[in-house]
Amino acid sequence: MRKYIAVPALILLGSAGAFLMRLAQVRTGFEALTGLPVPGDPWRYLLPAFLLVLAALLALAVRRVPESAQPPAAFANAFSTTDAAMLTLPVMGILLMGVSGVLDAAKGLQLGLRADLLLGLLSLFSAGALFPVTAACRRPGSRQAAPETPRQLDSSFLLVPPVCLVIRLVLTYRQNSIDPSLSAYYVELLAVVFLTLAFYRLSSFAFKASRNRRFLLYAGGAIVLSAATLADGHRLSAALLYAGGALTLLGFLLLRLEVLAKPWDNI
């Protein structure tokens, strides 16, 4: 892991910085009565500039990581670990996504809101599909042992989250597009876009089309943007979804870097 420590360190520092800058923009950059951007607000320009610089630095950091293995490993071996603690982050993230789905679905059923019910079901489907994926990454035995025969994993499970996120992106845009100020909701839209791309690149490992650098780059962007949009003051279900998506991707990112740092690499 230490071999590629710059990648997660940069992502975590960038997430903290993006959250604080977005929080400052939300608190001081919009008029209280109209919600329109305050003229001359510096955060309106500093946050996008920060995100662009961070993206460039992350792109440089992931260049140290090999792009793909030959031949590509099965998903279970590409993210395998003998340390159960390494699965804590993705499991926590999946649980948060599941709770988010329950809250949205309950609200939709209680108030008859079909959009909320659909959002809840999408989150529940995503969380349910990711549980067996995470379980397949657990490998018993010594850390020094050679990789085992890949566990059987239904690859279709990995396609559920990106499909659900595409639908969520459409619904999120429809709900926010009535806002005349793009700066009020562009961070959330970008967060959903990068979550979709990151889970899509994660699914590629199950189809022998893995690209390590692309996965790390999209996952890093998704984590940073999810952290930033948490400052937007979303309702609890949405906040749990973004926090859960960020934790899940961070967990898989760390798992992949751990495998890549092993001596029998490049798996």
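Values in this document were obtained by computation on a predicted structure and should not be read as measured data. (Residues numbered from 1 in each chain as written. Predicted model: local features only at pLDDT ≥ 70, side-chain atom pairs only at ≥ 80, totals over all residues. Heavy atoms only, no water.)

Student: Would you explain the overall build of the protein chain in this entry?
Tutor: Helix and strand counts for the protein chain come out as nine helices and zero strands. Written out in order from the N terminus, the α and β elements of the protein chain read α-α-α-α-α-α-α-α-α. Computed over its C-alpha atoms, the radius of gyration of the protein chain comes to 19 Å, within 12% of the 18 Å expected for a compact globule of 267 residues. For the protein chain, the C-alpha atoms occupy an extent of roughly 65 × 40 × 30 Å along the three principal directions. Each of the 267 residues in the protein chain was classed as buried or not, and the buried ones make up 49%. For the protein chain, the share of sequence-separated contacts (at least 6 apart) that also reach a separation of at least 24 residues comes to 78%. (Helix = DSSP H or I, 4+ residues; strand = E, 2+ residues; numbered from the N terminus. Rg over C-alpha atoms; globule rule 2.2 N^0.38 Å. Buried < 20%, exposed > 50% of the residue type's maximum accessible area, 1.4 Å probe, protein only. Contact = heavy atoms within 4.5 Å.)

Student: Would you mind showing me how to read the packing of aromatic side chains here?
Tutor: A ring pair, where both rings are aromatic, is described by two values, the distance of the centres and the angle of the planes. Under the counting rule described, the total for this entry stands at seven aromatic pairs. With centroids separated by 5.7 Å and ring planes inclined at 90 degrees, the aromatic side chains of Phe79 and Phe252 adopt a geometry described as edge-to-face. With Phe79 in the loop between helix 3 (75-78) and helix 4 (88-111) and Phe252 in helix 9 (residues 236-260), this pair connects stretches of sequence that are 173 residues apart. An angle of 80 degrees between the planes, with centres 5.7 Å apart, marks the rings of Phe205 and Phe215 as edge-to-face. Placement of Phe205 in the loop between helix 7 (186-204) and helix 8 (212-229) and of Phe215 in helix 8 is noted, with a sequence separation of 10 residues between them. Residue Phe205 shares its accessibility class with Phe215, and that shared class is buried. Ring pairs connect the aromatic residues Phe75, Phe79, Phe205, Phe215 and Phe252, which therefore count as one cluster. (Phe/Tyr/Trp six-rings, centres within 6.5 Å; stacked < 30°, edge-to-face > 60°.)

Student: What is the right way to look at the layout of surface pockets in this model?
Tutor: Unfilled space is identified by rolling a water-sized probe across the atoms. For the largest pocket, the calculated volume is near 370 Å³. If you go around the largest pocket, you meet 18 residues; those closest to its centre are Asn176, Glu188, Asp232, His234 and Arg235. Elements represented by at least two residues in the lining of the largest pocket include exactly helix 1 (6-28), helix 6 (160-176) and helix 9. Broken down by element, the lining of the largest pocket gets its largest block of residues, four residues, from helix 6. Classifying every residue of the lining of the largest pocket by side-chain character gives seven nonpolar, five polar and six charged. Of the voids in this model, the second largest pocket is the one considered here, and its volume is about 290 Å³. Looking at the second largest pocket, it is lined by 16 residues, and the ones nearest its centre are Leu51, Ala55, Phe194, Gly221 and Leu225. Among the elements that line the lining of the second largest pocket, the one with the most residues is helix 2 (residues 43-62), at six residues. For the lining of the second largest pocket, the class distribution of residues is 14 nonpolar, two polar and no charged. (1 Å grid on protein atoms, 1.4 Å probe; cavity = no way out; pocket = protein on both sides within 12 Å on 5 of 7 lines; lining within 4 Å. Points joined across faces, edges and corners; volume = space filled by probe spheres on them. Nonpolar A, V, L, I, M, F, W, Y, C, P; charged D, E, K, R; others polar.)

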